[in-house]
Amino acid sequence: SIRGIAMILCRQLLILFFFMLLGFCMAKGKILDQHNSGFLSWLIVNVANPALILSGGIGTSMDRRELFKVALVAAGVYLLLIVVSEMAVTLLGVDRKETGIYKVLLIFTNMGFMGFPLLDAMYGAEALLYGAIFLLFFNLLIYTYGIFRIAGTAGNSAEILKKFVNPGVVAGTLAIMLALFRVELPGSVNQTVSMLSNLTAPLSMMVIGASFLEVQWKGFLMDVRLWIFVALRLVIIPVLGMLIFRNFVSNQYLLGVCFVTLAAPSGSMAAMLARQYRADYVSASKGIGLTTLLSVITMPLLFWVFQLG
């Protein structure tokens, strides 16, 4: 039911905002300063999130033909997101130095923390398996295309290539190999990867919360460009995507995964990469915070509109 979906999302929202508040209070008390936030961002980008990527390939067991089908749909979803984001930045009229941030905010959503509990409650374990494949695409793209958009193309070709050889890409490649060849790892390795991956959500939300100390709150809600971005991220993109994909995706579980990928709020990795590569992480944090808050309203409504239950 729409009420049940809203309750699941509210629970996840409260958890996220607790860690944001904790980060903000730590920054206010000068415990989590610029240097510490930069270190935590490095830890998330290079250790915790790669562990999360790797965990997606551990224990994944799917027929290869079905795996290819899901991967094809995932590729289609992200291709649509990239094309729409490229066009949307023109509509938003953002400064050239901010275009990369807004593109990444529009493409990469928090499907893991906000979408997966919804999938689990509505469809069960099979939908989560499909979601893991989408999450692998997410991570491979954010560590390549996402870094390309945020960090830019400054430097020679060797320096640009070096940005793409990173822990995220390595972890994504390993995760795909584990899933394809159904490799079983020792229990101690699985537990270590799981413990590291669990750091991703709380640490990233704390860093985002700390960055709110730098936000100019005066006129925040009067920022027309920010509201257009929110409408694109939470309403226009998911509606457009679902109108397209429901025509040729008959599997209800797979369609549900498409929905959470398209309709979830902007993902925290955008802010982590922005801080790592010295881009506008404050704008990224504002977009993430506002879309996360409003997704509790938009996701249940769209879920009901498209009759996905």
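Our structure's up above, just so we're on the same page.
Now for a description of the structure that goes with this document. In this text, all values refer to a predicted model and were calculated from it rather than measured experimentally.

Quick word on the packing of helix α1 (residues 2–28) against helix α10 (residues 200–211)
One way to put it is that α1 packs onto α10 with a least axis distance of 6 Å and a crossing angle of 50 degrees. It follows from the interaxial angle that α1 and α10 lie oblique. Classified by chirality, the crossing of α10 by α1 is right-handed. Residues Leu16, Phe19, Met20, Leu22, Gly23, Phe24, Met26 and Ala27 of α1 lie in contact with α10, whose contacting residues are Pro202, Met205, Met206, Ile208, Gly209 and Ala210. Its residues assigned to classes, the contact of α1 with α10 shows twelve nonpolar, two polar and no charged.

Points about the nonpolar core
The biggest cluster of nonpolar side chains holds 98 residues, and the ones touching the most others in it are Phe134 and Phe259. Apart from the residues within four sequence positions on either side, Phe134 is in contact with Val70, Val73, Ala74, Val77, Tyr78, Met111, Leu254, Val257, Cys258 and Thr261.

A closer look at a nonpolar patch on the surface
A surface patch of nonpolar side chains, amounting to about 510 Å² of accessible area, comprises Ile2, Ile297, Leu301, Trp304 and Val305. When residues of the nonpolar patch are assigned to their parent elements, the largest contribution, four residues, is made by helix α14 (residues 281–305). As for its position among the elements, Leu301 is in helix α14. For Leu301, a relative accessible area of 44% corresponds to the partly exposed category.

Reading the values: the criteria
- Residues numbered from 1 in each chain as written.
- Predicted model: local features only at pLDDT ≥ 70, side-chain atom pairs only at ≥ 80, totals over all residues.
- Heavy atoms only, no water.
- Axes fitted to C-alpha atoms, helices over the stretch in contact; angles between N-to-C directions.
- Helix = DSSP H or I, 4+ residues; strand = E, 2+ residues; numbered from the N terminus.
- Parallel < 35°, antiparallel > 145°, perpendicular 65-115°, else oblique.
- Left-handed = near helix turned anticlockwise from the far one by under 90°.
- Contact = heavy atoms within 4.5 Å.
- Nonpolar A, V, L, I, M, F, W, Y, C, P; charged D, E, K, R; others polar.
- Core = buried A, V, L, I, M, F, W, Y, C linked by side-chain atoms within 4.5 Å.
- Buried < 20%, exposed > 50% of the residue type's maximum accessible area, 1.4 Å probe, protein only.
- Patch = residues over 30% accessible without salt bridge, like charges linked within 9 Å, V, L, I, M, F, W, Y side chains within 5 Å.
- Areas by Shrake-Rupley, 256 points an atom, 1.4 Å probe, with all protein chains shown as cover.
- Salt bridge = Lys/Arg side-chain N within 4 Å of Asp/Glu carboxyl O.

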